[in-house]
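Each chain, letter by letter, is given below.
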Amino acid sequence: MNELEEKLFLLAKDHLADAYSPYSHFHVASALVTDAGEIFTGVNIENSSFGLTNCAERTAIFSWVNAGRPGKIKCLLIIGNTDRPISPCGACRQVMSEFMAPETEVILTDSQGDYEHFTVEQLIPYHFTEKDIQDGANK
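Residues numbered from 1 in each chain as written. Predicted model: local features only at pLDDT ≥ 70, side-chain atom pairs only at ≥ 80, totals over all residues. Heavy atoms only, no water.

(A) Quick peek at helix H1 (residues 3-15). Here H1 is 13 residues long and its end C-alpha atoms lie 19 Å apart, about the 18 Å a rise of 1.5 Å per residue gives. Among the residues of H1, Glu5, Leu8, Phe9 and Ala12 are the ones counted as buried. Projection of H1 onto a plane perpendicular to its axis shows the buried side chains occupying an angular sector of 100 degrees, all on one side. Within H1, the exposed residues directed more than 90 degrees away from the buried face are Glu3, Lys7 and Asp14. (Helix = DSSP H or I, 4+ residues; strand = E, 2+ residues; numbered from the N terminus. Expected span 1.5 Å × (residues − 1). Buried < 20%, exposed > 50% of the residue type's maximum accessible area, 1.4 Å probe, protein only. Arc of directions from axis to C-beta.)

(B) Geometry of the layout of surface pockets. In this model, the largest pocket occupies a volume close to 220 Å³. Lining the largest pocket are 17 residues, with Phe26, Val28, Asn44, Cys55 and Cys89 positioned closest to its centre. The element contributing the most residues to the lining of the largest pocket is helix H2 (residues 56-66), with three residues. Here the second largest pocket defines a volume of roughly 180 Å³. What lines the second largest pocket is Lys72, Ile73, Lys74, Phe99, Met100, Ala101, Glu103, Thr104 and Glu105. (1 Å grid on protein atoms, 1.4 Å probe; cavity = no way out; pocket = protein on both sides within 12 Å on 5 of 7 lines; lining within 4 Å. Points joined across faces, edges and corners; volume = space filled by probe spheres on them.)

(C) Looking closely at the UniProt feature "domain: CMP/dCMP-type deaminase" (unreviewed entry) in the chain. Here the UniProt-annotated "domain: CMP/dCMP-type deaminase" (unreviewed entry) positions come out as residues 3-131. End C-alpha atoms of residues 3-131 are separated by 36 Å, and the span's content is 31% helix alongside 24% strand. (UniProt positions renumbered as here; feature names shortened; annotations may be inferred.)

(D) Structural view of the UniProt feature "active site" (unreviewed entry) in the chain. Residues annotated in UniProt with the feature "active site" (unreviewed entry) correspond here to Glu57. Structurally, glutamate 57 can be placed in helix H2. Exposure remark for glutamate 57: the relative accessible area of 4% places this residue in the buried category. Aside from chain neighbours lying at most four places away, what touches glutamate 57 is Val28, Ser30, Leu76, Ile78, Pro88, Cys89 and Cys92. (Contact = heavy atoms within 4.5 Å.)

(E) Seen up close, the side chain of arginine 93. Mapped onto the elements, arginine 93 comes out in helix H3 (residues 90-99). Here arginine 93 sits buried without a salt bridge, and the closest side chain of opposite charge, glutamate 57, lies 7.4 Å off (N-O distance). A polar side-chain atom of arginine 93 sits 2.7 Å from the main-chain carbonyl oxygen of leucine 123. Setting aside anything within four residues of it in sequence, one finds arginine 93 in contact with Ser87, Pro88, Leu123 and Ile124. (Lys, Arg positive; Asp, Glu negative; His and termini not counted. Salt bridge = Lys/Arg side-chain N within 4 Å of Asp/Glu carboxyl O. Polar contact = N/O pair within 3.5 Å; in protein donor to acceptor, adjacent residues only side chain to side chain.)

Right, here's the structure in full:
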């Protein structure tokens, strides 16, 4: 990892304890950085109705949106209390494709520091976008 990625890793790792996961005890945290240098974090927030649970990466992205979307997302890091790098769910991948460019870096990590680098496009190839809606409406 480079210096910025290491900073995101340490920040996200520190937030793992903040995850609200009383049912699964599966803690996930995330940190993203924009091209403007701003950092946003998130943790998973469970609900007894599991469908209402919000994942850490969506929490971080939604925090960025709530702040007025300053800059473009440059990199997103996701960490879990797992023994291998954590992978985002399908809902998170779709949200990532909505707010992040296909070439945006996504780092999947575990609490031991193992990591894998991907792009949004690698995580969700041939994803559904606003262009698909516009193309369908123009037929």
